[in-house]
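Okay, here's what each chain looks like letter by letter:
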Amino acid sequence: MARLAYDPTFYKIENSSFESWYKDIDLSLPLPENSYLEHHLYIASDYFIDVLSEQQPTINKST
């Protein structure tokens, strides 16, 4: 079977069910009205990476 190759792809997800779920289970987070999380999804050939962050991530491409 041939392996599919993907160029790295980055998404910012709004109204994320993952973010809602995480806020419900992590009691160390401030109340939703006092905090701001963003859900980012990074996709590459070998990985799907979900990131919750209070800041917009910076991505640098190395050669």
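In what follows, the structure referred to is the one given above.
Residues numbered from 1 in each chain as written. Predicted model: local features only at pLDDT ≥ 70, side-chain atom pairs only at ≥ 80, totals over all residues. Heavy atoms only, no water.

Please explain the sheet that holds strand β1 (residues 9-13) as it appears in this structure.
Adjacent strands of a sheet form backbone hydrogen bonds with each other and so pair up, either parallel or antiparallel. Judged by pairing direction, the sheet is antiparallel, and its three strands sit side by side in the order β1-β2-β3 without closing on themselves. In this open sheet, the two edge strands, each paired with only one partner strand, are β1 and β3 (48-53). Across the sheet, the mean angle separating the axes of adjacent strands is 20° when strand polarity is ignored. Sheet topology note: the strand β2 (residues 38-43)/β3 ladder contains six bridges and is antiparallel. Bridging from a neighbouring strand, H39 pairs with L52 of β3. (Pairing = 2+ DSSP bridges. Helix = DSSP H or I, 4+ residues; strand = E, 2+ residues; numbered from the N terminus. Axes fitted to C-alpha atoms, helices over the stretch in contact; angles between N-to-C directions.)

Would you mind showing me how to read the pairing of β2 here?
A regular strand carries its side chains on alternate faces of the sheet. The buried fraction of β2 is high, at six of six residues. Bridge count for β1 against β2 is five bridges, and the pairing is antiparallel. Along β2, the bridge assignment pairs F10 with Y42. (Buried < 20%, exposed > 50% of the residue type's maximum accessible area, 1.4 Å probe, protein only.)

When you look at the packing of aromatic side chains in this model, what are you seeing that I'm missing?
Ring pairs (aromatic) are described by centroid distance and by the angle formed between their planes. According to the stated counting rule, one finds three aromatic pairs in the structure shown. Between F10 and Y42 the ring centres are 5.4 Å apart and the planes differ by 70°, which places this aromatic pair in the edge-to-face class. Linking F10 in strand β1 with Y42 in strand β2, this pair joins segments that are 32 residues apart in sequence. (Phe/Tyr/Trp six-rings, centres within 6.5 Å; stacked < 30°, edge-to-face > 60°.)

I'm lost on unusual backbone geometry in this one. Help?
Where the residue is not glycine, phi is negative for most of them; where a peptide bond is considered, it is trans in most cases. You will see that N15, though not glycine, has its phi angle at about 55°, which is positive. Counting through the fold element by element, N15 comes out in the loop between β1 and α1 (17-25). Assessed through its relative accessible area of 80%, N15 is described here as exposed.

How do you make sense of the environment of H40 when you look at a structure like this?
Residue position: H40 is located in strand β2. Look at H40 and you get buried, because its relative accessible area is 3%. H40 sits 29 residues away from Y11 along the chain, and the two C-alpha atoms are 5.6 Å apart. The residues touching H40, leaving out its near neighbours within four places in the chain, are Y11, K12, I49, D50, V51, Q55, Q56 and P57. (Contact = heavy atoms within 4.5 Å.)

Honestly, it's all geometry; don't read function into it.
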